[in-house]
Number of protein chains: 2
Amino acid sequence: MERVAIIDASMTQFGRREGAWIVDLLAEAGIECLEDAGVAADDLDHLYVSNMTSGEFEGQTGVMNALVHDLGGMPAYTQRVDQTSASGGAGIYAAWQSIASGASDMTLLVGGEKMTHRSTAETTDIIASVTHPVEYKHGVTLPSFAGLTARHYLERFDASRESLGKVAVKNHRNGVDNPHAQFQKEVDLETILESPIVADPLRLYDFCPITDGSAALLFCPESVAREYTDTYAVVSGVDGATDTQVVHEREDPTVMGGVVESGKGAYEMSGYGPDDIDVAELHDMFTILEFLQMEGLGFAGQGEAWTLVEEGYTERDGELPTNTSGGLKSKGHPLGASGVAQGVEIYEQLVGEAGPRQVEADVGLCCNVGGFGNCVITTIMEAAQ
Amino acid sequence: MERVAIIDASMTQFGRREGAWIVDLLAEAGIECLEDAGVAADDLDHLYVSNMTSGEFEGQTGVMNALVHDLGGMPAYTQRVDQTSASGGAGIYAAWQSIASGASDMTLLVGGEKMTHRSTAETTDIIASVTHPVEYKHGVTLPSFAGLTARHYLERFDASRESLGKVAVKNHRNGVDNPHAQFQKEVDLETILESPIVADPLRLYDFCPITDGSAALLFCPESVAREYTDTYAVVSGVDGATDTQVVHEREDPTVMGGVVESGKGAYEMSGYGPDDIDVAELHDMFTILEFLQMEGLGFAGQGEAWTLVEEGYTERDGELPTNTSGGLKSKGHPLGASGVAQGVEIYEQLVGEAGPRQVEADVGLCCNVGGFGNCVITTIMEAAQ
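Reading the values: the criteria
- Residues numbered from 1 in each chain as written.
- Chains lettered and ligands numbered in written order.
- Predicted model: local features only at pLDDT ≥ 70, side-chain atom pairs only at ≥ 80, totals over all residues.
- Heavy atoms only, no water.
- Helix = DSSP H or I, 4+ residues; strand = E, 2+ residues; numbered from the N terminus.
- Rg over C-alpha atoms; globule rule 2.2 N^0.38 Å.
- Buried < 20%, exposed > 50% of the residue type's maximum accessible area, 1.4 Å probe, protein only.
- Contact = heavy atoms within 4.5 Å.
- Areas by Shrake-Rupley, 256 points an atom, 1.4 Å probe, with all protein chains shown as cover.
- Lys, Arg positive; Asp, Glu negative; His and termini not counted.
- Charge placed at Lys NZ, Arg CZ, Asp CG, Glu CD.
- Pairing = 2+ DSSP bridges.
- Least-squares fit on C-alpha atoms with pLDDT ≥ 70 in both.
- Core = buried A, V, L, I, M, F, W, Y, C linked by side-chain atoms within 4.5 Å.
- Axes fitted to C-alpha atoms, helices over the stretch in contact; angles between N-to-C directions.
- Parallel < 35°, antiparallel > 145°, perpendicular 65-115°, else oblique.
- Left-handed = near helix turned anticlockwise from the far one by under 90°.
- Buried area = accessible area lost by both parts, 1.4 Å probe.
- Salt bridge = Lys/Arg side-chain N within 4 Å of Asp/Glu carboxyl O.
- Polar contact = N/O pair within 3.5 Å; in protein donor to acceptor, adjacent residues only side chain to side chain.
- UniProt positions renumbered as here; feature names shortened; annotations may be inferred.
- Expected span 1.5 Å × (residues − 1).

*Asks:* Sorry if this is basic, but what is going on with the overall build of chain A here?
*Replies:* Along the backbone of chain A there are 15 helices and eleven strands. For 385 residues, the compact-globule formula gives about 21 Å, and the C-alpha radius of gyration of chain A, at 19 Å, lands near that figure. Counting only C-alpha atoms, chain A reaches 55 × 45 × 40 Å along its principal axes. For chain A, with 385 residues in total, the buried portion stands at 69%. A sequence separation of at least 24 residues applies to 77% of the contacts in chain A between residues at least 6 apart. Summed over all atoms, the accessible surface of chain A reaches about 11,800 Å², with 46% contributed by carbon and sulfur. Distance between charge centres in chain A, computed from 22 positive and 60 negative side chains, equals 7 Å.

Structure follows, in structure tokens:
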């Protein structure tokens, strides 16, 4: 089967984008990606829009149709891809399938979300509606799941509260070098450990912010990629998997089944294993999730990720630079954009366009988590040879 | 490339389903489809959920994750497919791509919507949000576009108001023989022509109802289809295309560009043309749309569909039986379910399971229209040889 190439990537400034609506944000990243690649909008076959909540946040649906129209990309087929906070990763999977199946020879994926115009309470409630009604009706939210899981992890594995804080310190430090990040400032461990409690033991700085923004990736068959560029990435492996939607039904709260299964699938398809990964973007919506994904993807044994973080293993100059983009924690988390932006970072690392964040990498991985691990997509990319 | 088979189909009763929420409806059709086919839920690789508005109508998101969990289908990858009122057709396209790309060997598609618990005004407003903001802000709704288009068509082509009514008469007559249809009763032309005006010249009976319900299709590579059944259908062609999202920018309001382009793509992929189609399901959300699709798909010349309808060409015993299921008009239109239910009808016609609605058919077509033609998916299926 023909391999699928990614020939360009772009993203908007993440942060508070007043006056823009979702389609403005989507168009900004989409137009930049097409122009960079020298691809005319009306040469697109498929356009996927990763977006969870344009209807709930803005009262507007059909945004993919508005985007293809505004891009001048007609008559490209378009569809909205929703896999909650993993909508971006799901979009990568959909775009890959569109090329691999032969349905499309040029697919643009744009993920985005406009969130900051709503209150934190409204936003938290809209996002909490991803949980199963048997838990939702009791008032659970994703932060509450994260707090319970973190408490369990720290006690069971005798892990330090500081190790969670160090995830935030690292990702904030990386974000300083990402001009598109929402926060481009360092935060020290003391500030994190003394910030207000949100869901004990997690504090304000253990959580990603609420963010507006979008990101884009352009896909085509590898056989034609060099018509556009000599430096591109190839999707070596991609897979998605669910875990129980009802979180309290999971046998072990520290094992994210969707991470494990999607990782296995992506490794098998790519022929690579955990030791081959040079750089990773993990879904650090909450600091504790970075540990659980490191373990689920085989970068650390169960209960051991926290020690690797303490040792600097995931720093930019460590064995496995993780969240070099700043992660969701410091780059921001516009739901539908986040998985696409993970792909943007890995693409830029592989083609050598990561500027001051650049690490040495031939193979990279992104892991995008929907809900509280309800469905996860893992993607492995490699630099074109 | 391997051909994609559809090995089973099911749908719930369409109508008012009190006490059920969207996931109950999705599970009902999904479980029936799997049980009929003898496929265990945990043998699924992918599960697509076609649904436009669970968040807007019910305040619940992540319904695809709840469904895979409730079906016992873990760890199947799952994703929600949204292409407004063409979400079902988009789901067929996504399911086809999942098999054709090799990502999945067994894909269940379930489309559904729960709508009747909201008022007609709320429902109309939520659906109107599919239009582009430059028109939406002026208060346009899909029925208003339909009225304007119908007026133009009738005057320009000197067509009779009665011909529109005859679409409704035919589709209601077909619905009598569909036990899953919302309305299983005939309506005479006089009743239609004297019903209240909604958007002049269109009257109450020119419009589909508001409906709850779901429908399911099961896809696998044709090479393994006979392990499950000797009677199956094959997806011969499928394509999607957009038209201007801003309806008033279209050069000719009687030409639906998305219908024309998606039809061309599906014909080309299948090797069939309009004359090869034995049975068709068209998106008769408004009676006028049945004319525009007949013309856009090459079943009639421009401005001539109305005469074919007058002559009985689209009756069950005519040259091209159209909407043998009762169509959206009488079967009902639960947004995300409708495109899937079109596929269910064509599947049943091709495998000889359409009961009193059965016609002779080797090749069938469905056309699913998103918004007011903003994006359209056309699918051509044939009976297995």
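*Asks:* What am I meant to see in the pairing of strand 10 (residues 363-370) of chain A here?
*Replies:* Each regular strand displays side chains that alternate between the two surfaces of the sheet. Residue and element names in this part refer to chain A. Along strand 10, eight of the eight residues are buried, which leaves the element largely enclosed by surrounding structure. Residues of strand 10 alternate between two faces, with Val363, Leu365, Cys367 and Val369 on one and Gly364, Cys366, Asn368 and Gly370 on the opposite face, all of them buried. Note: strand 9 (residues 279-281) against strand 10, three bridges, orientation parallel. Paired with Glu281 across the strands is Cys366, a residue of strand 10. Strand direction decides the pairing type here: strand 10 and strand 11 (residues 375-383), joined by eight bridges, are antiparallel.

*Asks:* Can you help me understand the relation of the copies chain A and chain B in this one?
*Replies:* One copy of the chain maps onto the other through a rotation about an axis plus a displacement along that axis. Once chain A is rotated about the relating axis by 180° and shifted along it by 0.0 Å, it coincides with chain B to within an RMSD of 0.0 Å. Read as a symmetry element, the transformation amounts to a two-fold axis. When C-alpha positions in chain A are compared against the rotation axis, the closest is assigned to Ser101 of chain A, at 2.0 Å. A share of 100% of the interface residues of chain A reappears at the interface of chain B, consistent with the copies meeting face to face through the same patch.

*Asks:* Help me understand the nonpolar core, please; the structure alone is not making it clear to me.
*Replies:* A general feature of soluble globular proteins is that nonpolar side chains tend to end up buried together. The biggest cluster of nonpolar side chains holds 81 residues, and the ones touching the most others in it are Trp96, Leu217 and Phe219 of chain A together with Leu217 and Phe219 of chain B. Not counting residues up to four positions away in its chain, the partners in contact with Leu217 of chain B are Ile6, Asp8, Ala9, Cys33, Ile92, Thr107, Leu108, Leu109, Val340, Gly343 and Val344 of chain B.

*Asks:* Any chance you could explain the packing of helix 1 (residues 22-37) of chain A against helix 3 (residues 63-71) of chain A here in plain terms?
*Replies:* A packed helix pair is summarised by two numbers, namely the angle formed by the two axes and the spacing between the axes. Residue and element names in this part refer to chain A. Between helix 1 and helix 3, the least distance of the axes is 10 Å, while the angle of their chain directions is 50°. Regarding the angle of helix 1 to helix 3, the classification is oblique. As helix 1 packs across helix 3, the resulting crossing turns out to be right-handed. Residues Ile22, Val23, Leu26, Ala27, Gly30 and Ile31 of helix 1 lie in contact with helix 3, whose contacting residues are Val63, Ala66, Leu67, Asp70 and Leu71.

*Asks:* Hey, could you run me through the interface of chain A and chain B in this one?
*Replies:* Interface size is commonly expressed as the accessible area that is lost once the parts come together. Contact with chain A, which involves 57 residues of that partner, is made by 57 residues of chain B. Between chain A and chain B, a total of about 4,300 Å² is buried, with carbon and sulfur atoms accounting for 51% of that surface. At the boundary of chain A with chain B, the tally comes to two salt bridges. A salt bridge links Asp82 of chain A to Arg80 of chain B; the nearest nitrogen and oxygen atoms lie 2.7 Å apart. The interface formed by chain A and chain B contains 28 residue pairs in polar contact (both at pLDDT 80 or more).

*Asks:* Just to check I follow, could you spell out unusual backbone geometry for this structure?
*Replies:* What is expected of a backbone is that most residues other than glycine have negative phi and most peptide bonds are trans. All names here are of chain A. Here the bond from Asp200 into Pro201 is cis, since omega is 10°, no more than 30 degrees from zero. By the secondary structure assignment, Pro201 is in the loop between strand 5 (197-199) and strand 6 (202-203). With phi around 50°, Asp158 is a residue other than glycine that occupies positive phi space. Tracing the chain through its elements places Asp158 in the loop between helix 7 (142-156) and helix 8 (161-176). Residue Asp158 is classed as exposed on the basis of its relative accessible area of 65%.

*Asks:* Can you help me understand the side chain of Thr324 of chain A in this one?
*Replies:* All names here are of chain A. Of note, Thr324 is situated in the loop between helix 13 (305-311) and helix 14 (327-331). Of note is the side chain of Thr324, whose polar atom sits 3.2 Å from the side chain of Gln349. In this structure Thr324 touches Asn174, Val279, Glu281, Arg316, Glu345, Gln349, Arg357 and Val359, once residues within four positions along its chain are discounted.

*Asks:* Is there a simple way to explain the UniProt feature "domain: Thiolase N-terminal" (unreviewed entry) in chain A in this structure?
*Replies:* With numbering aligned to this structure, UniProt lists the feature "domain: Thiolase N-terminal" (unreviewed entry) at residues 4-223 of chain A. Overall, residues 4-223 of chain A shows 43% helix and 18% strand. The separation of its end C-alpha atoms is 9 Å.

*Asks:* What should I look at first to understand helix 1 (residues 22-37) of chain B in this one?
*Replies:* Residue pairs spaced three or four apart in an α-helix point in one direction, given the helix's 3.6 residues per turn. Residue and element names in this part refer to chain B. Spanning 16 residues, helix 1 covers 23 Å between terminal C-alpha atoms, matching the ideal 22 Å at 1.5 Å per step. Those residues of helix 1 hidden inside the fold are in contact with strand 1 (4-11), strand 2 (46-50), helix 2 (54-58), helix 3 (63-71), strand 4 (107-113) and strand 7 (213-221). Within two residues after helix 1, Gly38 carries a phi angle of roughly 70°, on the positive side.

*Asks:* Is there a simple way to think about the environment of Ile31 of chain A in this case?
*Replies:* Along the chain, Ile31 of chain A falls in helix 1. Between the C-alpha atom of Ile31 of chain A and that of Val110 of chain A, which follows or precedes it by 79 residues, the distance is 9.9 Å.

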